[in-house]
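In case you want the letters, here they are:
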Amino acid sequence: MTDLDLLPAQAVPAHMSEVRISADAFLEQWQAGTCEFLDIRVASETRVWKMGFGLAIPADELAGRLDELPRDKLLVVACPNSDRSGIVRSYLAMKGFNAKYLMGGLLGLADTLKGKTSETFSLRSGK
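Keep in mind it's a predicted model, so treat the numbers as computed, not measured.

## A closer look at the overall build of the protein
Link 1 in the chain: From N to C terminus, the protein includes 5 helices and 5 strands.
Link 2 in the chain: Reading the secondary structure of the protein in the N-to-C direction produces α-β-α-β-α-β-β-α-β-α.
Link 3 in the chain: Scored against the burial criterion, the 127 residues of the protein give a buried share of 39%.
Link 4 in the chain: In the protein, the proportion of contacts linking residues at least 24 apart, taken out of those at least 6 apart, comes to 68%.
Link 5 in the chain: As displayed, the protein has an accessible area near 7,100 Å², and 54% of this comes from carbon and sulfur atoms.

## Focus: the environment of Val-77
Link 1 in the chain: Inspection of the secondary structure puts Val-77 in strand E4 (residues 74-78).
Link 2 in the chain: On a C-alpha basis, the gap between Val-77 and Glu-36 in space is 8.6 Å, while along the polypeptide they are 41 residues apart.
Link 3 in the chain: Excluding anything up to four places from it in sequence, Val-77 contacts Leu-38, Ile-40, Ser-85, Val-88, Leu-92, Ala-99, Lys-100, Tyr-101 and Leu-102.

## Details of the packing of aromatic side chains
Link 1 in the chain: The full count for this structure, using the stated rule, is 5 aromatic pairs.
Link 2 in the chain: Residues Phe-37 and Phe-53 carry aromatic rings whose centres are separated by 4.6 Å and whose planes lie at 35° to one another, so their mutual orientation is tilted. A residue pair is termed long-range when its members are at least 10 positions apart, and Phe-37 in strand E2 (residues 35-39) and Phe-53 in the loop between helix H3 (43-48) and strand E3 (55-56) qualify at 16 residues.
Link 3 in the chain: Classification of Phe-37 by relative accessible area gives buried; the value is 0%.
Link 4 in the chain: On the basis of relative accessible area, Phe-53 is assigned to the buried category, the value being 10%.
Link 5 in the chain: In this structure an aromatic cluster arises from ring pairing among Phe-26, Trp-30, Phe-37 and Phe-53.
Link 6 in the chain: One residue, Arg-41, lies across the ring of Trp-49, its end atom 5.1 Å from the ring centre.
Link 7 in the chain: Between the NZ or CZ atom of Arg-71 and the centre of the ring of Phe-97, over which it lies, the distance is 3.9 Å.

What counts and what doesn't
- Residues numbered from 1 in each chain as written.
- Predicted model: local features only at pLDDT ≥ 70, side-chain atom pairs only at ≥ 80, totals over all residues.
- Heavy atoms only, no water.
- Helix = DSSP H or I, 4+ residues; strand = E, 2+ residues; numbered from the N terminus.
- Buried < 20%, exposed > 50% of the residue type's maximum accessible area, 1.4 Å probe, protein only.
- Contact = heavy atoms within 4.5 Å.
- Areas by Shrake-Rupley, 256 points an atom, 1.4 Å probe, with all protein chains shown as cover.
- Phe/Tyr/Trp six-rings, centres within 6.5 Å; stacked < 30°, edge-to-face > 60°.
- Lys NZ or Arg CZ within 6 Å of the ring centre and 35° of its normal.

Here it is in structure tokens:
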């Protein structure tokens, strides 16, 4: 059986909670150090807006950089909305990674972070 044969089961699991994570749930897991954030935007996008935390590996470079990803943590994959991150999540799952895409994408995460202060929350404290 090839990776392509496994695609339907990986791309459409029994429950959507297996493939996606809310911004709030991601932030809880990041603070606990149980996940890694993966920004898959291309260089032209990250030049305009940097996240300042997690890993930044463009989707088109991912196949050659899988060795940079942790296998012992949940990977939370993100792009501006979540269009590309869903596709990349399926690819990573086929490669044996525990991965979910960020619901609402980076824009949704930014909205969730509005109003939080450094005293109550820090993205830099993820382990």
